Amino acid sequence: MHKGIFRRTWGMWILTALLGLTVVVVGFVVSFGFMSGRELYEHEIIYKMENDSSSTSIKVLDIDPKPLEIDDETYYLVKHNYGVSFLRTDASEIKQILEFKEALSEKTNALASSDFYLNIRVVPEKKKTGRTSVKTHITQEMKEAFEKKFKLSPLSVQAPLDKLDTKHFLTITDSAARFVDIVMFIVVVVFFVIVLVWQIVRVRRIKQHYGRFDELFPDYKDDMKRLLDDAEYLDEKLGVLVKDGILVSYGTEFRVVDLEKAVSASVLRQKSKWGGKYRFTFFNGGRKQVEEVPLGDLKDNIIDLVHYLREVCSYNVYIQF
């Protein structure tokens, strides 16, 4: 039994700090979507033929201006520093690149000196969308079409087949992708703010009950543990004691309840994935909630406490269990 706020709240503060760190990391990643391809490239955020769901970049060295059409989608074969990949996009999105390629059509690595950088997203062959469900983005038929297109492309002369990326395709980071990023960031921020506010409210509530304890037990405020010896009822497993008509819960939460001001109470079991825990809720004459006391999951101990308050004590408190 103590007045240590941090010892009662350190777990949630760690969670809050981790959420804050998550906000920073997510915000940093989301910012990639608003950078140019050149800026990403200069910061070494480069696609290296690996999975990467956030924005990354490539430097376009060459492109096959004749696209591949699959299921009403257009794919362009693009050569970059780490291999050859298919870029799913419309001609209007890469108009300048296609125009430069047309002017330098006979040159190897025709666009290497033109400084064309793209801010892109990487779409993997398969992506897990749930615990057991997997979405396939690149079918076996698409792989075969990719390889066939590569073999017929002028780029096959510049790079061997093993440099062709058939496990991913690329898309240009557009406003829709940025919108999704912003929504994700807002969700993380809102969740962080909710947890932070809840933790601040929790700390203020604990301080309030410390003050109430000092007011009701001035002789024990400097040595709370002495009250354990003088209590009329004590259950150390529950972390509950009763003294002079005052119930004190001193577990993870700290609560002080004047039983004479409460006319009824109820004990409810809150179920969750990890089991169930009980809560004591005290009410005044108008059924307005006076205080809520968490009790843990020790049912037998809670029954003993209920029996004590019902039968042994003379307080005007009705317990519905």
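Residues numbered from 1 in each chain as written. Predicted model: local features only at pLDDT ≥ 70, side-chain atom pairs only at ≥ 80, totals over all residues. Heavy atoms only, no water.

Chemist: A description of the pairing of strand 11 (residues 240-243) should follow, citing residues and the corresponding values.
Modeler: Residues Val240 and Val242 of strand 11 are buried on one face, and the alternating residues Leu241 and Lys243, pointing to the opposite face, are buried as well. The pairing of strand 10 (residues 233-235) with strand 11 spans 3 bridges and is antiparallel. By the bridge assignment for strand 11, Tyr233 is matched with Val242. Adjacent in sequence and paired antiparallel, strand 10 and strand 11 are bridged by 4 residues, among which Gly239 carries a positive phi angle near 75°. (Buried < 20%, exposed > 50% of the residue type's maximum accessible area, 1.4 Å probe, protein only. Helix = DSSP H or I, 4+ residues; strand = E, 2+ residues; numbered from the N terminus. Pairing = 2+ DSSP bridges.)

Chemist: Summarise the packing of aromatic side chains; cite the residues concerned and give the values.
Modeler: On inspection of all chains with the given rule, the structure shows 12 aromatic pairs. Judged by centre distance (5.2 Å) and plane angle (45°), the ring pair of Phe213 and Phe217 falls under tilted. Across the pair, Phe217 and Phe213 agree in class, each one buried. Ring centres 6.0 Å apart and planes at 70° place the aromatic pair Phe213 and Phe254 in the edge-to-face group. Taken together, the residues span a long stretch of sequence, with Phe213 in helix 5 (residues 175-216) and Phe254 in the loop between strand 12 (246-249) and strand 13 (255-258) at a distance of 41 residues. Here the two residues Phe213 and Phe254 agree in accessibility, since each one is buried. (Phe/Tyr/Trp six-rings, centres within 6.5 Å; stacked < 30°, edge-to-face > 60°.)

Chemist: Explain helix 5 to me, using residue names and the numbers behind them.
Modeler: With 42 residues, helix 5 ought to run about 62 Å at 1.5 Å a step, and its terminal C-alpha atoms sit 61 Å apart, in line with that. Those residues of helix 5 not exposed but buried are Ala177, Asp181, Val188, Val195, Gln199, Arg202, Val203, Ile206, His209, Tyr210 and Phe213. (Expected span 1.5 Å × (residues − 1).)

Chemist: Any details on the environment of Leu309? Residues and values, ideally.
Modeler: Tracing the backbone through its elements, the reader meets Leu309 in helix 7 (residues 299-312). Owing to a relative accessible area of 3%, Leu309 belongs among the buried residues under this scheme. The spacing of Leu309 and Ile206 is 103 residues in sequence and 24 Å in space, taken between C-alpha atoms.

Chemist: Break down unusual backbone geometry for me, citing the residues and quoting the values.
Modeler: Although it is not a glycine, Asp72 sits at a positive phi angle of roughly 65°. Mapped onto the fold, Asp72 is located in the loop between strand 3 (68-70) and strand 4 (73-80). Overall, the relative accessible area of 80% leaves Asp72 in the exposed class. Even without a glycine there, the phi angle at Asp244 is positive, about 55°. In this fold, Asp244 is placed in the loop between strand 11 and strand 12.

Chemist: Give me the lowdown on the environment of Phe6, citing residues and values where you can.
Modeler: Within the secondary structure layout, Phe6 lies in helix 1 (residues 5-32). Phe6 sits in the exposed class, given a relative accessible area of 58%.

Chemist: Requested: an account of the pattern of salt bridges, with residues and values cited.
Modeler: In a structure, side chains of opposite charge can pair up when their charged atoms sit close to one another. Taken as a whole, this structure holds 12 salt bridges when the rule is applied. Taking the shortest distance from any N to any O, the salt bridge between Arg202 and Glu253 comes out at 2.7 Å. Taken as a pair, Arg202 in helix 5 and Glu253 in the loop between strand 12 and strand 13 lie far apart in primary sequence, 51 residues in all. When sorted by exposure, Arg202 lands in the same class as Glu253, which is buried. Note that Glu291 and Arg212 form a salt bridge whose closest N and O atoms lie 3.7 Å from each other. In this pair, Glu291 is assigned in strand 16 (residues 289-296) and Arg212 in helix 5, connecting sequence segments 79 residues apart. According to the relative accessible area criterion, Arg212 is partly exposed, its value standing at 26%. (Salt bridge = Lys/Arg side-chain N within 4 Å of Asp/Glu carboxyl O.)

Chemist: Could you give an account of the nonpolar core, with specific residues and numbers?
Modeler: Side chains of a nonpolar character, in soluble globular proteins, are inclined to be buried together. Grouped together as the largest cluster of nonpolar side chains are 20 residues, with contacts concentrated most on Leu247, Phe280, Phe282, Leu295, Leu305 and Leu309. The leading source of residues in this core is helix 7, at 5 residues. When near neighbours in sequence (up to four residues on either side) are disregarded, Phe282 contacts Leu247, Val257, Leu259, Ala262, Ser264, Ala265, Lys288, Gln289, Val290, Glu291 and Val293. (Core = buried A, V, L, I, M, F, W, Y, C linked by side-chain atoms within 4.5 Å. Contact = heavy atoms within 4.5 Å.)

Worth remembering: the numbers are spatial, not functional.
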